[in-house]
Amino acid sequence: MKTLLVKLLFALLFHEIARLLFQRNKTTIIYYHDIEPELFDKHLYYLKRKYNIVSLEDYVKKRIEKTVNHRLIITFDDGHVGNFELHKILEKHQVPCTIFLVSNVINSHKHFWFKWHKIDSESKDKLKKIPNQQRLEVLKTQYDFDENQDHPTAQALNLEQIQVMKRWVSFQSHTHTHPCLNRCNDQESLFEIAHSKRKIEALTKQDVFALCYPNGDYESRDTENAKRLGYQCVLTSHGYFNSKEFDEFELKRLSVNDFSSVKELAMRTSGVYKWMKKIM
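None of these values were measured; they are calculated from a predicted model.

(A) Fine view of the overall build of the protein. Each helix and strand in the protein was counted, giving twelve helices and eight strands. The C-alpha radius of gyration computed for the protein amounts to 19 Å, which stays within 12% of the reference 19 Å derived for 280 residues, consistent with globular compactness. The contacts of the protein with a sequence gap of at least 6 include a subset with a gap of at least 24, amounting to 72%. Of the accessible surface of the protein, which amounts to about 13200 Å², a share of 50% is contributed by carbon and sulfur atoms. Between the averaged position of the 43 positive side-chain charges in the protein and that of its 36 negative side-chain charges there is a distance of 6 Å.

Here is the structure:
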């Protein structure tokens, strides 16, 4: 049903109408996780034709929204090892992007808790809704997962890969261990936001000016922590566009499924997909 509706709305040019009517003076920020290079290549061919792709840093620090229409920023969450295969695609298209790193997992053989093979999607959703210390205890006792344990294989980017990608990629913070910040206590929240910034800056030798909330969950306390620690912007998972008078500490993003066809990509980036989901 969803696929048929996407094809129908695409054929009727809903994405083009929405792009021209609602996005001209807006900035669209999209986010991926672990898309395959071949599909990402197709996505970039489309995005470059329809949008002016700019870097997050230029958008936040230089306020380029006054001179460029149909702006679009590409971001990735987590720093999955598969992201390394995208650097040739980014270079081919000469397109900048931002990858938000989980500092405890990068450059190591530690694993992401949400990718642990013993946790199904229903259990993962439940774990996101309980206090952080309880989540860690359940992970250890029921699922035999320790966030500081090393494994035979790496799930996240290492330093060598990060160095290769730095020409086209800005590496920013996605907290230290990827908890849901709204389930953390005050001390945990501060540590997650502060330690990730310090560690990523030390590793990449780049300025970490942006924080992205894991799972899109946060409280006002977390925003205040980010401001106090020197971040210049924070990205959420609130889906829609950013206007000229944007709030640096509540930047909105639209999700792009890692398996989205180009037609679905068009629906998602134009905001039509979000509207479509409301009526389904």
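(B) Quick peek at the environment of Cys-184. Take Cys-184: it is sitting in the loop between strand E5 (169–173) and helix H9 (186–204). Along the chain, Cys-184 and Asn-132 lie 52 residues apart, while their C-alpha atoms are 5.2 Å from each other. The residues contacting Cys-184, other than those within four sequence positions of it, are Asn-132, Pro-179, Ser-189 and Arg-221.

(C) Quick look at the state of the cysteines. A full pass over the atoms with the stated rule returns zero disulfides. Note on Cys-184: no disulfide assigned, nearest cysteine sulfur contributed by Cys-180 at a separation of 7.9 Å. Exposure remark for Cys-184: the relative accessible area of 7% places this residue in the buried category. Looking at Cys-233, it has no disulfide partner, and the nearest cysteine sulfur is the one in Cys-212, 9.8 Å off. Note on Cys-233: relative accessible area 0%, which makes it buried.

(D) Fine view of the pairing of strand E4 (residues 97–101). Taking burial as the measure, the five residues of E4 include five buried ones, the bulk of the element. Of the two faces of E4, the one holding Cys-97, Ile-99 and Leu-101 and the one holding Thr-98 and Phe-100 are both buried throughout. Each parallel crossover has a hand, and the one from strand E3 (residues 71–78) via helix H5 (residues 87–93) to E4 is right-handed. Bridge count between E4 and E5: five bridges; the pairing is parallel. Among the inter-strand pairings, Ile-99 is bridged to a residue of E5, identified as Phe-171.

(E) Examining the environment of His-178 more closely. Secondary-structure assignment places His-178 in the loop between E5 and H9. Linking His-178 and Tyr-213, residues 35 residues apart in sequence, is a C-alpha distance of 8.4 Å. Contact partners of His-178, with chain neighbours within four places excluded, come to Asp-78, Val-102, Trp-113, Phe-114, Glu-192, Pro-214 and Asn-215. Within polar-contact distance, the side chain of His-178 engages the side chain of His-174 at 3.3 Å.

The rules behind the values
- Residues numbered from 1 in each chain as written.
- Predicted model: local features only at pLDDT ≥ 70, side-chain atom pairs only at ≥ 80, totals over all residues.
- Heavy atoms only, no water.
- Helix = DSSP H or I, 4+ residues; strand = E, 2+ residues; numbered from the N terminus.
- Rg over C-alpha atoms; globule rule 2.2 N^0.38 Å.
- Contact = heavy atoms within 4.5 Å.
- Areas by Shrake-Rupley, 256 points an atom, 1.4 Å probe, with all protein chains shown as cover.
- Lys, Arg positive; Asp, Glu negative; His and termini not counted.
- Charge placed at Lys NZ, Arg CZ, Asp CG, Glu CD.
- Disulfide = S-S within 2.5 Å.
- Buried < 20%, exposed > 50% of the residue type's maximum accessible area, 1.4 Å probe, protein only.
- Right-handed = clockwise from strand over helix to strand, strands pointing away.
- Pairing = 2+ DSSP bridges.
- Polar contact = N/O pair within 3.5 Å; in protein donor to acceptor, adjacent residues only side chain to side chain.

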